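One letter stands for each residue in the lines below.
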Amino acid sequence: MTDSKYPGELASPQQIYELAEEYRKAATLLLPLGRSGKPLTWAPFRLSAIHAVELYLTALLLHRGHNPNEIRKMQHDLAARTEHALQAGLRLRVKTANHLRSLSQNREYLVTRYGPELAATVSQINRLTATLDQVAAKVTGLMAPPPTRLPPSKRIAGAAEAHARDSAASLSASSAKPMT
């Protein structure tokens, strides 16, 4: 790493997506460790979940051609990332998009990291889980490579070859002598 490069500046959209997937998996493993009535016990899940969401949005923006330097200037602003992602084709439920905006307005990323006295003021765990799940699913769908389709001439040729193989196998099986 050189002094002029930021970590992740040269990462591909797929690499950022894979990192988001790992943080989502970590959040899933941390979720059962939270205890009702103990807000601080949910902090590790929250941090992993919020970071996963940020990475998913970043991966999508990179995938859609956004400049990494412009994305980095957004810092941890999920509202800005969400607006750019919506403009780039991400379709979220209104409640999910509003929750992403409120995460920024309420500074939940910072509260989760540094504000134990504010732990009881952040969004509900089920809302954060639903937001993470929806963002992950939608970004995954948008970043998946399109299915490869063979041209019609190749499909016909492939079907003819398969039919010929099946016919030959049938003929071979019917003409084989039974074992005694």
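Computed from a predicted model, the values in this text were never measured in an experiment.

Asks: Would you mind showing me how to read the nonpolar core here?
Replies: The nonpolar side chains of a soluble globular protein tend to be buried with one another. Counting residues in each nonpolar core, the largest one holds 34 residues, and the members touching the most others are V53, Y56, L57, L90, L132, V135 and V139. Secondary structure elements with two or more residues in this core: helix 1 (13-30), helix 2 (43-63), helix 4 (78-87), helix 5 (94-105) and helix 7 (125-143). Aside from chain neighbours lying at most four places away, what touches L57 is L78, R81, T82, A85, L90 and V135.

Asks: Looking at this structure, how should I read the packing of helix 4 against helix 5?
Replies: Between two packed helices, both the angle of their axes relative to each other and the distance between the axes serve to describe the pair. Where helix 4 contacts helix 5, the axes come no closer than 7 Å and their chain directions differ by 150°. On the basis of the axis angle, helix 4 is roughly antiparallel to helix 5. On the side of helix 4, the interface is formed by L78, A79, T82, E83 and L86, while helix 5 contributes A97, L100, R101, L103 and S104. Each residue belonging to the contact of helix 4 with helix 5 can be placed in one class, and the counts come to six nonpolar, two polar and two charged.

Asks: How do you make sense of empty space enclosed by the protein when you look at a structure like this?
Replies: One simple way to see leftover space: roll a probe sized like a water molecule over the atoms. For the structure on display, the rule yields one cavity of 30 Å³ or more. Counted as a void, the largest cavity has a volume near 70 Å³. Residue lining of the largest cavity: P39, L40, A43, R46, V111, T112, G115, P116, A119 and V122, and that is the complete set. Of all the secondary structure elements, the ones that give two or more residues to the lining of the largest cavity are helix 2 and helix 6 (108-114). The residue inventory of the lining of the largest cavity, partitioned by class, reads seven nonpolar, two polar and one charged.

Rules behind the numbers
Residues numbered from 1 in each chain as written. Predicted model: local features only at pLDDT ≥ 70, side-chain atom pairs only at ≥ 80, totals over all residues. Heavy atoms only, no water. Core = buried A, V, L, I, M, F, W, Y, C linked by side-chain atoms within 4.5 Å. Buried < 20%, exposed > 50% of the residue type's maximum accessible area, 1.4 Å probe, protein only. Helix = DSSP H or I, 4+ residues; strand = E, 2+ residues; numbered from the N terminus. Contact = heavy atoms within 4.5 Å. Axes fitted to C-alpha atoms, helices over the stretch in contact; angles between N-to-C directions. Parallel < 35°, antiparallel > 145°, perpendicular 65-115°, else oblique. Nonpolar A, V, L, I, M, F, W, Y, C, P; charged D, E, K, R; others polar. 1 Å grid on protein atoms, 1.4 Å probe; cavity = no way out; pocket = protein on both sides within 12 Å on 5 of 7 lines; lining within 4 Å. Points joined across faces, edges and corners; volume = space filled by probe spheres on them.

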